[in-house]
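Take a look at the letters that make up each chain.
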Amino acid sequence: MLGPLPADQLRPILSTVEGLPLRQTRELDSLSTEALRVLGDASGEPPYEQGYRVAQWLRSHGHVVDPSGRVDPQSLPKAWGVHIVDRSFGLSDLDAIGCWGPNAGPAVVVNGDGRHASSRAGRRATLAHEIAHLPLDRSSALPIAEVMGGRTSELVEKRARAFAVELLLPRSSAGELAGQSPDFHREDLRTWADDFGLVDLHPRKQESIGKRSLAGRYGGTPSCRAPNLPLQPSGSPPSREQTW
């Protein structure tokens, strides 16, 4: 977690969030009702399993997965009426902020200077993570000042990380690939990553994600890096907008 941000770094972030227009998202609202029902059915499961379940359900939804089996995390929020805003905040430890409130949003603000969001694959993972929050967490979010001060739910974040992995790199596909090849080599993983639009990941990162997805496929506990690390501002005013 970062230490307190200087006012000149914090100000443009808060200004961007406060300037977001209000959006009507009837399709997302309807989707949220169904997603929360799926989540409720998995309420006794670990957070990562909840994330898997919701991602699997969303992938089965019409027009989410293209004929090649890929999901476009850029167009999906837009289809729901969610505004995607691109900014450059000059911070590497902030990739994105998902935010909504009674007078603004919902929206996802992507920081082009973020450590992960600055690459094509990292941006896909960042947006996939935020997609998890949009249908599941809008009724229970914290004010932006609290989230940027580090008050986030670890359960919610674990669920969103697992969701992002399963949405972009489904375990079923990993299992099929492993089943087709007795020796799962890096070349197989690179081909698989290429199929799912992740070719600009460093080979070691590809291997790490592949192993995590395969571990989930065969009963292990997955893990995925959080694309939106919280900040620790000092003396920041409370905001009516909500965010994760």
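Our subject is the structure listed above.
What comes next concerns the included structure. This is a predicted model, so every value here is computed, not measured.

### Some words on the overall build of the chain
Now for step 1: Secondary structure summary: the chain contains 10 helices and 5 strands in total.
Now for step 2: Split into buried and exposed, the 244 residues of the chain put 52% on the buried side.
Now for step 3: Sequence-distant contacts in the chain: of pairs separated by 6 or more residues, those separated by 24 or more amount to 72%.
Now for step 4: Summed over its atoms, the accessible surface of the chain is roughly 11100 Å², and 49% of this surface lies on carbon and sulfur atoms.

### What about the pairing of strand 3 (residues 104-111)?
Now for step 1: By the criterion of burial, strand 3 is predominantly enclosed, with 8 of the 8 residues buried.
Now for step 2: When strand 1 (residues 83-87) meets strand 3, the two strands line up parallel, connected through 5 bridges. The partner of His83 across the bridge, within strand 3, is Ala107.
Now for step 3: Pairing analysis gives 5 bridges linking strand 2 (residues 96-101) to strand 3, with the strands arranged antiparallel. Residue pairing for strand 3: Ala96 is matched across the bridge by Val110.
Now for step 4: From the end of strand 2 to the start of strand 3, which pair antiparallel, there are 2 residues.

### Remarks on the nonpolar core
Now for step 1: The biggest cluster of nonpolar side chains holds 32 residues, and the ones touching the most others in it are Leu58, Trp80, Phe163 and Leu167.
Now for step 2: When contributions to this core are tallied by element, the ones reaching two or more residues are helix 2 (26-41), helix 3 (47-59), strand 2, strand 3, helix 5 (120-136) and helix 7 (154-168).
Now for step 3: Dropping the residues within four chain positions of it, Trp80 is found in contact with Thr25, Glu27, Leu28, Leu31, Leu58, Ile131 and Leu134.
Now for step 4: Core analysis: the next-biggest nonpolar cluster, separate from the first, contains 12 residues, Leu20, Leu94, Ile97 and Ala104 among them.

### Considering the environment of Ala162
Now for step 1: Residue position: Ala162 is located in helix 7.
Now for step 2: Taking relative accessible area as the criterion, Ala162 reaches 6% and is therefore assigned buried.
Now for step 3: A sequence separation of 112 residues divides Ala162 from Gln50, and the C-alpha atoms of the two residues are 8.2 Å apart.
Now for step 4: Leave out the neighbours within four places in its chain, and Ala162 touches Tyr48, Gly51 and Tyr52.

### A word on the packing of helix 2 against helix 3
Now for step 1: The geometry of helix 2 relative to helix 3 is characterised by a closest axis approach of 9 Å and an angle of 140° between their N-to-C directions. What the angle tells us is that helix 2 and helix 3 run oblique. Of the two possible hands of crossing, helix 2 and helix 3 adopt the one that is right-handed. Mapping the contact onto sequence places Leu31, Glu34, Ala35, Val38, Leu39 and Asp41 in helix 2 and Gln50, Arg53, Val54, Trp57 and Leu58 in helix 3.
Now for step 2: For the contact of helix 2 with helix 3, the class distribution of residues is 7 nonpolar, 1 polar and 3 charged.

### Here's the deal with the packing of aromatic side chains
Now for step 1: Counted under the stated rule, the structure contains 1 aromatic pair.
Now for step 2: The interplanar angle of 80° and the centroid separation of 6.0 Å between the aromatic rings of Tyr48 and Tyr52 together place this pair among those described as edge-to-face. Of the two residues, Tyr48 and Tyr52 are both situated in helix 3; the distance of 4 residues between them amounts to about one turn of the helix.
Now for step 3: Looking at Tyr52, the relative accessible area reads 0%, which means it is buried.
Now for step 4: When the ring centre of Tyr52 is taken as origin, the NZ or CZ atom of Arg171, which lies over that ring, is 3.6 Å away.

### Quick look at helix 2
Because each turn of an α-helix spans 3.6 residues, side chains separated by three or four positions end up pointing in the same direction.
Now for step 1: Taking 1.5 Å per residue, 16 residues should reach 22 Å; helix 2 reaches 23 Å between its end C-alpha atoms and fits that length.
Now for step 2: Of the residues making up helix 2, those classed as buried are Leu28, Leu31, Ser32, Ala35, Val38 and Leu39. What you see down the axis of helix 2 is that its buried residues fit within an arc of 125°, all on one side. Relative to its buried face, helix 2 has exposed residues pointing more than 90 degrees away, namely Arg26, Arg37 and Asp41.
Now for step 3: Buried residues along helix 2 sit in contact with helix 3, strand 3, helix 5 and helix 7.

What counts, and where the lines are drawn
- Residues numbered from 1 in each chain as written.
- Predicted model: local features only at pLDDT ≥ 70, side-chain atom pairs only at ≥ 80, totals over all residues.
- Heavy atoms only, no water.
- Helix = DSSP H or I, 4+ residues; strand = E, 2+ residues; numbered from the N terminus.
- Buried < 20%, exposed > 50% of the residue type's maximum accessible area, 1.4 Å probe, protein only.
- Contact = heavy atoms within 4.5 Å.
- Areas by Shrake-Rupley, 256 points an atom, 1.4 Å probe, with all protein chains shown as cover.
- Pairing = 2+ DSSP bridges.
- Core = buried A, V, L, I, M, F, W, Y, C linked by side-chain atoms within 4.5 Å.
- Axes fitted to C-alpha atoms, helices over the stretch in contact; angles between N-to-C directions.
- Parallel < 35°, antiparallel > 145°, perpendicular 65-115°, else oblique.
- Left-handed = near helix turned anticlockwise from the far one by under 90°.
- Nonpolar A, V, L, I, M, F, W, Y, C, P; charged D, E, K, R; others polar.
- Phe/Tyr/Trp six-rings, centres within 6.5 Å; stacked < 30°, edge-to-face > 60°.
- Lys NZ or Arg CZ within 6 Å of the ring centre and 35° of its normal.
- Expected span 1.5 Å × (residues − 1).
- Arc of directions from axis to C-beta.

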